[in-house]
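Remarks on the overall topology
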Amino acid sequence: MKIADYIKAFSPLWSLFFVSFFLLGYFRGSGNAAAGLSPRIFLSLLFGLSAVLLIIQLHYCELGHKLSSYSPVVRFCIPLRNIVALTLALLVISIVLAATVKLPFVIGVIVVLTPFLFFIFSPVSLRRRGLWYNLAFLLAAFLLFSLGWILSGGSFPSMLLHSIPYLLFAFFFSVIIWHLEEKPPETIFSRFSHRELILLLILGLALIGIVSCLLHEQVIFLLSIFLFPFLLWSVFAPRREILLLNVMLFLMPVFTAFYFIDYIWYVFLLVVSCVFRLVYILLLPKRG
């Protein structure tokens, strides 16, 4: 048994990154971080997102893909039956929790999870469909942000305006992931060299920082500032975007915690995730 691989697979960090869009939408819509936010809503989204992210990993595993050579699922270090069982269990728990809230929320959860599955299921698979590959991330972020905003009772026109920096950041995130693929699908970014693409991303990150500052979106603004030096390093260190990706995964939930520090479920899972990540890093060098 590869203990480090199980620790990595059970870490909720990936899921918390995406749940952050929902939580920040809820906060921006209500102006009061934890008021009225049921733990069942939060956990339902967390488990559902964890399940679909594992499904995507299984798909890459089936293709023999090396998108995430650092991922335990893709490298078959965890038995496939264990991952399938975990995925099914997470999906069932997510739907059951959503059903205990109210029926519209069940529909909302299913709608939010759908863009992630667009990556893998034929004939709508977006993996090889150019720019749609990136737009699926943007759609997922928008749906998560919108679901949080609507549940908090915020107005729809205001939501469209304040969602802009979050959508830009989701698109930025998708381009980083695309660039890390061993055989990335053809997109408009394929024509750029590594250095040209990084310079383009630097301009994009600067735009994200400006827009988030104008709209007073502190989380995205702080993220853009912290990510800037890592992106600059990537200009001179090819394929170092993996560090940038991990920093993004870590900082998004951490900065969100400033708004949800009194929401015990989120803080608890964030601490667990960080501990899992630390233990994984410590165990990794000892593996054969």
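No experiment lies behind these values; they were computed from the predicted model shown. (Residues numbered from 1 in each chain as written. Predicted model: local features only at pLDDT ≥ 70, side-chain atom pairs only at ≥ 80, totals over all residues. Heavy atoms only, no water.)

Looking now at the overall build of the protein. Looking only at helices and strands, one finds 12 helices and zero strands in the protein. In sequence order, the secondary structure elements of the protein are arranged as α-α-α-α-α-α-α-α-α-α-α-α. Here the contacts in the protein between residues at least 6 apart in sequence split such that 75% fall between residues at least 24 apart. By element, 74% of the accessible surface of the protein is carried by carbon and sulfur atoms, the whole surface being about 13200 Å². (Helix = DSSP H or I, 4+ residues; strand = E, 2+ residues; numbered from the N terminus. Contact = heavy atoms within 4.5 Å. Areas by Shrake-Rupley, 256 points an atom, 1.4 Å probe, with all protein chains shown as cover.)

This next bit is on the packing of helix α8 (residues 164-180) against helix α9 (residues 194-214). At a minimum axis distance of 9 Å, the contact between α8 and α9 shows a crossing angle of 165 degrees. By the angle between their directions, the pair α8 and α9 is classed as roughly antiparallel. For α8 against α9, the interelement crossing comes out left-handed. Where α8 abuts α9, its residues I164, P165, L168, F169, F172, V175, I176, W178 and H179 lie against H194, L197, L201, L205, I208, V211 and S212. Split into classes, the residues belonging to the contact of α8 with α9 amount to 13 nonpolar, three polar and no charged. (Axes fitted to C-alpha atoms, helices over the stretch in contact; angles between N-to-C directions. Parallel < 35°, antiparallel > 145°, perpendicular 65-115°, else oblique. Left-handed = near helix turned anticlockwise from the far one by under 90°. Nonpolar A, V, L, I, M, F, W, Y, C, P; charged D, E, K, R; others polar.)

With that settled, the discussion passes to the environment of I202. By secondary structure assignment, the location of I202 is in helix α9. Judged by relative accessible area, I202 falls into the buried class, the value being 11%. Residue contacts for I202: discarding those within four places in its chain leaves F228, L231, L232 and V235. (Buried < 20%, exposed > 50% of the residue type's maximum accessible area, 1.4 Å probe, protein only.)

On to the packing of aromatic side chains. A full pass over the atoms with the stated rule returns 17 aromatic pairs. Look at F17 and F169: their rings are 6.3 Å apart centre to centre, the planes differ by 35 degrees, and that puts the pair in the tilted class. Pair noted here: F17 is in helix α2 (residues 13-30) and F169 is in helix α8, with a separation of 152 residues, a long-range link. Each member of the pair, F17 as well as F169, is classed as buried. Put simply, the rings of F17, F18, F21, F145, W149, Y166, F169, F172 and F173 touch in pairs and so form one group of aromatic residues. (Phe/Tyr/Trp six-rings, centres within 6.5 Å; stacked < 30°, edge-to-face > 60°.)

We now examine the pattern of salt bridges. Taken as a whole and judged by the stated rule, the model has one salt bridge. Taking the shortest distance from any N to any O, the salt bridge between E217 and R28 comes out at 2.9 Å. Linking E217 in the loop between α9 and α10 (218-236) with R28 in helix α2, this pair joins segments that are 189 residues apart in sequence. The exposure class assigned to R28 is partly exposed, which follows from its relative accessible area of 27%. (Salt bridge = Lys/Arg side-chain N within 4 Å of Asp/Glu carboxyl O.)

Put simply, α8 and helix α11 (residues 241-257) touch, their axes get as near as 10 Å, and they point 145 degrees apart. Judged by the twist between their axes, the crossing of α8 over α11 is left-handed. When α8 is examined against α11, the residues F169, F172, F173, I176, I177, H179 and L180 are found in contact with a partner set consisting of E241, I242, L244, L245, M248, L249 and M252. Class assignment for the residues of the contact of α8 with α11 results in 12 nonpolar, one polar and one charged.

Turning next to the nonpolar core. Grouped together as the largest cluster of nonpolar side chains are 73 residues, with contacts concentrated most on F21, F42, F169, F172, F173, M252 and Y266. Ignoring any residue separated from it by four or fewer positions in sequence, one finds F172 in contact with L201, L205, I208, L227, L231, L244 and M248. Formed by five residues, the second largest nonpolar core is a distinct cluster that contains A51, L54, I83 and L86. (Core = buried A, V, L, I, M, F, W, Y, C linked by side-chain atoms within 4.5 Å.)

Turning next to the confidence of the model for the protein. Per-residue confidence for the protein averages 76 on the pLDDT scale, and 73% of its residues sit at or above 70. Mean pLDDT values for the elements of the protein range from 64 in helix α1 (residues 3-10) up to 88 in α9. Across residues 66-70 the pLDDT falls below 50, and counting only partners more than four positions away or on other chains, this stretch makes 13 contacts in the model. (pLDDT = per-residue confidence, 0-100.)

The subject of this paragraph is α2. With 18 residues, α2 extends 25 Å from end C-alpha to end C-alpha; this agrees with the ideal 26 Å at 1.5 Å per step. If you look at α2, its biggest bend is around 30 degrees, right at V19. Among the 18 residues in α2, 15 count as buried, and that is most of the element. (Expected span 1.5 Å × (residues − 1). Bend = angle between axes of the 7 residues up to and from the residue.)

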